[in-house]
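The residues making up each chain are set out below.
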Amino acid sequence: MKKGLQKWITHNKKVLIVFGVVSFIMIVITGIEVNLILSSTNDLHVYATTGVVSNELRKISILGLFNGAIIAFWVIIFSFIFLKMIFPNHKTVKNAFFFDELSFLKDMPNQLKKGLDRNE
């Protein structure tokens, strides 16, 4: 089991490094954003009462959109890693989704037609 895990990690090393870097960037940007939000509570109060958006809140909102894009990229990478763990090779995918059986069922009408044509 240990050798299989080491082999999987070395095989997917680049994806795991990208995942780690994106995770670190996401955590840092989220921390900066939370700090900016907590430091501009007066601007948030003005926005809540009057609806006027200050320049500081615009910067925070742009940072929030950027952070949302990074989180979306992180979710995609996480999903990819999760699927690579569940389906490590093409044979596993074929067995999980019964591709051989589906191709047999797809070809069955043609085989029946050939059999009927031979009998006529």
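Residues numbered from 1 in each chain as written. Predicted model: local features only at pLDDT ≥ 70, side-chain atom pairs only at ≥ 80, totals over all residues. Heavy atoms only, no water.

Asks: Got a sec to walk through the overall build of the chain? Specific residues and values, please.
Replies: Across its full length, the chain carries six helices and zero strands. When its helices and strands are written in sequence order, the chain yields α-α-α-α-α-α. For a compact globule of 120 residues, the expected C-alpha radius of gyration is about 14 Å, and the chain comes in at 27 Å, more than 25% above that figure. When the backbone C-alpha atoms are referred to their principal axes, the chain occupies close to 90 × 45 × 15 Å. In the chain, of all internal contacts separated by at least 6 residues, the share reaching a separation of at least 24 is 63%. Counting every atom, the chain has about 10000 Å² of accessible surface; 70% of that belongs to carbon and sulfur. Of the side chains in the chain, 14 bear a positive and 8 a negative charge, and the two mean positions are spaced by 13 Å. (Helix = DSSP H or I, 4+ residues; strand = E, 2+ residues; numbered from the N terminus. Rg over C-alpha atoms; globule rule 2.2 N^0.38 Å. Contact = heavy atoms within 4.5 Å. Areas by Shrake-Rupley, 256 points an atom, 1.4 Å probe, with all protein chains shown as cover. Lys, Arg positive; Asp, Glu negative; His and termini not counted. Charge placed at Lys NZ, Arg CZ, Asp CG, Glu CD.)

Asks: Please give an account of a nonpolar patch on the surface that cites residues and values.
Replies: A cluster of nonpolar residues, Phe97, Phe98, Phe99, Leu102, Phe104, Leu105, Met108 and Leu112, forms a patch on the protein surface that exposes about 830 Å² of accessible area. With respect to the helices, strands and loops of the structure, Leu102 is situated in helix H6 (residues 99-119). Given a relative accessible area of 46%, Leu102 falls into the partly exposed group. (Patch = residues over 30% accessible without salt bridge, like charges linked within 9 Å, V, L, I, M, F, W, Y side chains within 5 Å. Salt bridge = Lys/Arg side-chain N within 4 Å of Asp/Glu carboxyl O. Buried < 20%, exposed > 50% of the residue type's maximum accessible area, 1.4 Å probe, protein only.)

Asks: Describe the nonpolar core, with residues and values.
Replies: Core analysis: the largest hydrophobic core is formed by nine residues, namely Trp8, Phe19, Val22, Met26, Ile29, Leu63, Ile70, Ile77 and Ile81. For Ile70, the residues in contact, after removing those within four places along its chain, are Val22, Ile25, Met26 and Ile29. (Core = buried A, V, L, I, M, F, W, Y, C linked by side-chain atoms within 4.5 Å.)

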